[in-house]
Amino acid sequence: MNQAVVEVKKFSSVAAGLPRHLGGVTPPLLQTHRYQTFALDLNPVSKYSLNCTDLDRASMQIRQALRAAIASLREQNIPSAELAAELLLMYVLGSDRSYLYSHPESDLVSDVAERYSGLIAERGTGKPTQYITGRQEFWGLDFNVTPDVLIPRPETEHLVETVLQLAPSPLRGQGSSADEGARRSESLLRIVDAGTGSGCIALALASELSEAQVFATDISRAALEVARRNAVRLGLADRVRFVETDLLSGLSAAAQFDFVVSNPPYVSLDDLDSVQREVREFEPRIAWAGSGEGEAIYRRLFFESLRVLGPGGYVVVEVGYNQAGRVLAMLDENWSNAEVRPDLAGIPRVVMARKRAASCPPSVVS
């Protein structure tokens, strides 16, 4: 009979309900939580020896279910086991985290316990929590996610932050006051999100820039359907135009966008085996590896951006670990104000540059 030793630690979220970043796909997600102890036992930091099959019992208390779930997930080397166990129980009960810890002795009825057991078993296969619940929060917005789209990551919010910081700059000052100039700038902004996936970047920007014209492209029709559903759910369906195309190839040069923003699939064929298991086995390869061209996709994106950006427009892209320098080197004389911005962990995460007013028209990708 297999047993596991579980150290009971519980998270206190910044939110009352589901936390901003669900699941355990990216380590930085744990930075948004602080450990706290709760009245689950007279000695909340003690260790419990639990039978991992306890979850199959017909009835059990909330705290017993959590202990057994954590033990089961840890035995299967699932990252962030405590958080996953909590999130899935919150999902089954339709409750928030505070309910779990204010009612630790409440019984789970048999059908709820059975459903929870099934979800824990599903997570034990490596399937991300977000695909099980169908939800992920990004920029304070609740997104539907399916295996057709990449799960939004917290570090991608830095793309949104960068665009919002830059947004008024190219067109500011066209009014009788700074405030009026900013409002007019916003109304003239044209933004395109290349490789939109769930639509998280495009819809986050649309939610912040109420008068901006936002476009979102993706080569995957299935991903675009998810993005469109998210636009409807968030009340932004009339704010974003979705286009099925590879990066920017299907857009007219007359578009004259102010921003091209993208988190492209940058994993090369040589690096496929080094990708985290949850990503490699469950997230759509087209969304994180594309055709396997790796960093070369940035060269192609910069080339296409020159064609659709207006003079002074910006390209803003997310880059992978240790890629920033090489991606920055791909920006030629047609670009200025090139810059790298780090994420909260200090890792170079965003590369941005501005199209020169007198840039040479692109001819071929070198």
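Residues numbered from 1 in each chain as written. Predicted model: local features only at pLDDT ≥ 70, side-chain atom pairs only at ≥ 80, totals over all residues. Heavy atoms only, no water.

Asker: Which residues make up helix H12 (residues 296–308), and what values go with them?
Answerer: Across its 13 residues, H12 extends 19 Å between first and last C-alpha, which sits within 8% of the 18 Å expected from 1.5 Å per residue. Inspection of H12 places Ile297, Tyr298, Arg300, Leu301, Phe302, Glu304, Ser305, Leu306 and Val308 among the buried residues, and these make up the whole buried set. (Helix = DSSP H or I, 4+ residues; strand = E, 2+ residues; numbered from the N terminus. Expected span 1.5 Å × (residues − 1). Buried < 20%, exposed > 50% of the residue type's maximum accessible area, 1.4 Å probe, protein only.)

Asker: Quick one: what's the story with the packing of aromatic side chains, residue by residue and with numbers?
Answerer: Evaluation of the coordinates by the stated rule reveals 6 aromatic pairs. A centroid spacing of 6.3 Å and a plane angle of 75° characterise the contact between phenylalanine 138 and phenylalanine 143, whose relative ring orientation is edge-to-face. Side by side, phenylalanine 138 and phenylalanine 143 carry an identical accessibility label, which is buried. On the basis of an interplanar angle of 40° and a centroid distance of 6.4 Å, the ring pair of tyrosine 298 and phenylalanine 302 is categorised as tilted. Here the residue tyrosine 298 and the residue phenylalanine 302 both occupy positions in helix H12, the gap between them amounting to 4 residues, near one helical turn. (Phe/Tyr/Trp six-rings, centres within 6.5 Å; stacked < 30°, edge-to-face > 60°.)

Asker: I'd like a description of helix H9 (residues 221–233), backed by residues and values.
Answerer: In this model H9 runs 19 Å from its N-terminal to its C-terminal C-alpha over 13 residues, within 8% of the 18 Å that 1.5 Å per residue would give. Of the residues making up H9, those classed as buried are Ala223, Leu224, Val226, Ala227, Asn230 and Ala231. Buried residues of H9, seen end-on, are gathered within an arc of 160° and therefore sit on one face of the element. For H9, the exposed residues lying more than 90 degrees away from the buried face are Arg221 and Val232. Of the surrounding elements, those touching the buried residues of H9 are strand E8 (141–144), helix H8 (200–208), strand E10 (213–218) and strand E11 (240–244). (Arc of directions from axis to C-beta. Contact = heavy atoms within 4.5 Å.)

Asker: If you had to explain the sheet that holds strand E13 (residues 309–318) to someone new, which residues and values would you point to?
Answerer: Strands sit in the order E11-E10-E9-E12-E13-E15-E14 across an open sheet of 7 strands; the sheet is mixed. In this open sheet, the two strands that pair with only one neighbour each are E11 and strand E14 (335–342). Neighbour-to-neighbour, the strand axes of this sheet turn through a mean angle of 15°, independent of strand direction. Pairing of strand E9 (residues 190–194) with E10 involves 5 bridges; the strand directions are parallel. Bridge pairing in E10 links aspartate 193 to alanine 216. (Pairing = 2+ DSSP bridges. Axes fitted to C-alpha atoms, helices over the stretch in contact; angles between N-to-C directions.)

Asker: Describe the pairing of strand E12 (residues 257–262), listing the residues and the values that go with them.
Answerer: Counting buried positions along E12 gives 6 out of 6 residues, so the element sits mostly inside the fold. The pairing of E9 with E12 spans 4 bridges and is classified as parallel. Looking at the pairing, isoleucine 191 lines up with phenylalanine 259 of E12. One ladder, built from 5 bridges, connects E12 with E13; its direction is parallel. Each residue of the ladder has a partner; that of phenylalanine 259, found in E13, is tyrosine 314.

Asker: Pulling in residues and values, what's your account of the packing of helix H6 (residues 157–166) against H8?
Answerer: Relative to each other, H6 and H8 sit at 35°, their axes nearing to 10 Å. Pair H6 / H8 crosses with right-handed handedness. Residue-level contacts link Leu159, Val160, Val163 and Leu164 of H6 to Ile201, Ala204, Leu205 and Glu208 of H8. Tallied by class, the residues present in the contact of H6 with H8 amount to 7 nonpolar, no polar and 1 charged. (Left-handed = near helix turned anticlockwise from the far one by under 90°. Nonpolar A, V, L, I, M, F, W, Y, C, P; charged D, E, K, R; others polar.)

Asker: Tell me about the side chain of arginine 349, residues and numbers included.
Answerer: Relative to the elements of secondary structure, arginine 349 occurs in strand E15 (residues 348–355). Judged by its relative accessible area of 8%, arginine 349 falls in the buried class. At 3.1 Å, the side chain of arginine 349 forms a polar contact with the side chain of aspartate 343. Beyond its immediate sequence surroundings of up to four residues, arginine 349 is in contact with Glu155, Val317, Glu318, Val319, Gly320, Arg341, Pro342 and Asp343. (Polar contact = N/O pair within 3.5 Å; in protein donor to acceptor, adjacent residues only side chain to side chain.)

Asker: Mind laying out the packing of helix H2 (residues 81–93) against helix H4 (residues 110–124), listing which residues take part and the relevant values?
Answerer: Viewed as axis vectors pointing N to C, H2 and H4 meet at an angle of 140°, and their least axial separation amounts to 10 Å. What the angle tells us is that H2 and H4 run oblique. The two elements H2 and H4 meet at a crossing, and its hand is right-handed. Contact with H2, carried on its side by Ala84, Ala85, Leu88, Leu89, Tyr91, Val92 and Leu93, involves Val112, Arg115, Tyr116, Leu119, Ile120 and Arg123 of H4 and no other residues of that element. Per-class residue counts for the contact of H2 with H4 are 11 nonpolar, no polar and 2 charged. (Parallel < 35°, antiparallel > 145°, perpendicular 65-115°, else oblique.)

Honestly, that's just the spatial picture; any functional story needs more than this.
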